[in-house]
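# Coordinate inspection notes
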Amino acid sequence: MSETRNALKDGFTWYEKLSMRGGAAAMVGIGAFAIYQSNPALAAGYLVFVALAGLVVLYDSLCVYCPYPFKHSDCLFVPYQLIASVATHRTGTISPFRNLLSALAFGGIAAIPQYWLWGNWGLFGTFWALAVALGIAVPTCICRRCRHHRCPMNLAKP
């Protein structure tokens, strides 16, 4: 492998950002739509959960420890200004509790709509195709070259 391929990323390309942000938004949209078909109020509740879970991850449990929004003026998942303008870069290790909060947030975003997706095979398949694509792309393409060494998913060699 070449040195360039193994070098840590200083930023993300427009297509990396588009695919990650678009894929995650599409997953949430499909989940919300599946719930909405049965109960609009529950769909709104799901969207509130997604927003609150996102805020916990962005501003308290994971993203505030990441160097990209603060040192590289970039972020793969959201516009970096959303984090850097209202939070400060935290140092030290991420506590197990904060890692658990992040896992619950991401897990809930994927798990909550499953009841309403089951039986609607087009939405179910699309939702899980996106989930699998993101689940493969993040660790194989991003985590192996990531500078966020405190992230529990980081696979970059020190």
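So, here's what we can say about the structure. (Residues numbered from 1 in each chain as written. Predicted model: local features only at pLDDT ≥ 70, side-chain atom pairs only at ≥ 80, totals over all residues. Heavy atoms only, no water.)

Within this model, the largest pocket holds a volume of roughly 1,400 Å³. In terms of lining, the largest pocket is formed by 45 residues, of which the most central are Ala24, Val57, Leu62, Phe77 and Phe106. Every element with two or more residues in the lining of the largest pocket is listed here: α2 (14-38), α3 (40-61), α4 (67-71), α6 (96-111) and α8 (121-142). The residue makeup of the lining of the largest pocket, split by class, is 38 nonpolar, six polar and one charged. (1 Å grid on protein atoms, 1.4 Å probe; cavity = no way out; pocket = protein on both sides within 12 Å on 5 of 7 lines; lining within 4 Å. Points joined across faces, edges and corners; volume = space filled by probe spheres on them. Helix = DSSP H or I, 4+ residues; strand = E, 2+ residues; numbered from the N terminus. Nonpolar A, V, L, I, M, F, W, Y, C, P; charged D, E, K, R; others polar.)

The next subject is a nonpolar patch on the surface. Residues Trp14, Tyr15 and Leu18 make up a contiguous nonpolar surface patch of about 420 Å² in total accessible area. Along the polypeptide, Leu18 turns up in helix α2. (Patch = residues over 30% accessible without salt bridge, like charges linked within 9 Å, V, L, I, M, F, W, Y side chains within 5 Å. Areas by Shrake-Rupley, 256 points an atom, 1.4 Å probe, with all protein chains shown as cover. Salt bridge = Lys/Arg side-chain N within 4 Å of Asp/Glu carboxyl O.)

What follows covers the nonpolar core. Tyr46, Ile83 and Ile109 are the most contacted members of the largest nonpolar core, which totals 21 residues. Among the elements of the structure, α2, α3 and α6 are those that each provide at least two residues to this core. Not counting residues up to four positions away in its chain, the partners in contact with Ile83 are Leu58, Tyr59, Cys63, Pro69, Phe70, Cys75 and Val78. The next biggest cluster of nonpolar side chains, apart from the first, holds 19 residues, and it includes Ile30, Leu117, Ala137 and Ile142. (Core = buried A, V, L, I, M, F, W, Y, C linked by side-chain atoms within 4.5 Å. Buried < 20%, exposed > 50% of the residue type's maximum accessible area, 1.4 Å probe, protein only. Contact = heavy atoms within 4.5 Å.)

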